[in-house]
Amino acid sequence: MTTTETAQRVNIFKQSPEVYQAMIALDAAAKKGLDPVLVELVLTRASQINHCAWCLDMHTQDARKVGISEQKLYLLNAWEEVPGLYTERERAALALTEAVTVLTDGFVPDEVYARAAEQFEERELSQLIAVIFTINSWNRIAVSTRRVPPIR
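Residues numbered from 1 in each chain as written. Predicted model: local features only at pLDDT ≥ 70, side-chain atom pairs only at ≥ 80, totals over all residues. Heavy atoms only, no water.

In the annotation of an unreviewed UniProt entry, the entry for the protein reads Carboxymuconolactone decarboxylase family protein, and the organism field reads Rhodococcus oryzae.

Quick look at the structure:
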């Protein structure tokens, strides 16, 4: 097999159903009380950074279902370059998503955290951080097991 070919590896959810159930519960708890539009933007952006095809396929479809425009989806990878398209809350959430996902120099910069803290109440901020670390877990599961979305 060449490096460009992919074949699904172990099905972690079939082999370890307890892990799957725990992830589903964590996912639901993390999203509780957050705006679905904000959640799908965060899930899609983290999945872009992590190169997770499975999650990108799923979350771009889910994003459309909650009313996110095609333009917002197409430009999400360059959200900082389009100041009028994303709300300040979305921009703060996307900056935090990138910082938590990449962990540049091993931490989330104070200015990124402060920006998010200005936009979100503590409960919302806690939930947002939980959504970010949960999607990063899902991404790592899908990427490490080479989960590939169906070709339509």
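Another point: the side chain of Arg45. Secondary-structure assignment places Arg45 in helix H3 (residues 36-49). By relative accessible area, which is 8% here, Arg45 ends up buried. Side-chain polar atoms of Arg45 contact the side chain of Asn77, separated by 2.7 Å. Each residue touching Arg45, except ones within four places of it in the same chain, is listed here: Leu76, Asn77, Trp79, Leu94, Thr97 and Glu98. (Helix = DSSP H or I, 4+ residues; strand = E, 2+ residues; numbered from the N terminus. Buried < 20%, exposed > 50% of the residue type's maximum accessible area, 1.4 Å probe, protein only. Polar contact = N/O pair within 3.5 Å; in protein donor to acceptor, adjacent residues only side chain to side chain. Contact = heavy atoms within 4.5 Å.)

What follows covers the nonpolar core. Among the nonpolar cores identified, the biggest contains 39 residues, and Leu41, Tyr86, Leu96, Phe120, Leu128 and Val131 are the most heavily contacted of them. If you list the elements that add at least two residues to this core, you get helix H2 (17-31), H3, helix H4 (53-65), helix H6 (88-102), helix H7 (110-119) and helix H8 (122-144). Considering each element in turn, this core owes the most residues, nine residues, to H8. Beyond its immediate stretch of four places on either side in the chain, Phe120 contacts Leu38, Arg89, Ala92, Ala93, Leu125 and Leu128. (Core = buried A, V, L, I, M, F, W, Y, C linked by side-chain atoms within 4.5 Å.)

Before going further, it helps to examine unusual backbone geometry. Positive phi is not limited to glycine here, since His51 has a value of about 55 degrees. By the secondary structure assignment, His51 is in the loop between H3 and H4.

We now examine the UniProt feature "domain: Carboxymuconolactone decarboxylase-like" (unreviewed entry) in the protein. As annotated in UniProt, the feature "domain: Carboxymuconolactone decarboxylase-like" (unreviewed entry) corresponds to residues 17-98 in the numbering used here. Helix makes up 71% of residues 17-98 and strand 0%. Its end C-alpha atoms lie 30 Å apart. (UniProt positions renumbered as here; feature names shortened; annotations may be inferred.)

Counting across every chain of the model gives six salt bridges. The partner of Lys31 in a salt bridge is Asp27, and the shortest N-O contact between them spans 2.9 Å. On the criterion of helical spacing, the pair formed by Lys31 and Asp27 is a turn pair, its members being four residues apart in helix H2. With relative accessibility at 16%, the residue Asp27 sits in the buried group. In this structure, Glu124 engages Arg89 in a salt bridge whose closest nitrogen and oxygen atoms are separated by 3.1 Å. Taken as a pair, Glu124 in helix H8 and Arg89 in helix H6 lie far apart in primary sequence, 35 residues in all. (Salt bridge = Lys/Arg side-chain N within 4 Å of Asp/Glu carboxyl O.)

Bringing the environment of Glu90 into the picture now. Structurally, Glu90 can be placed in helix H6. The sequence separation of Glu90 and Ile24 amounts to 66 residues, and the corresponding C-alpha distance is 24 Å. In contact with Glu90, not counting residues within four places along its chain, are Val37, Leu38, Leu41, Lys72 and Leu85.

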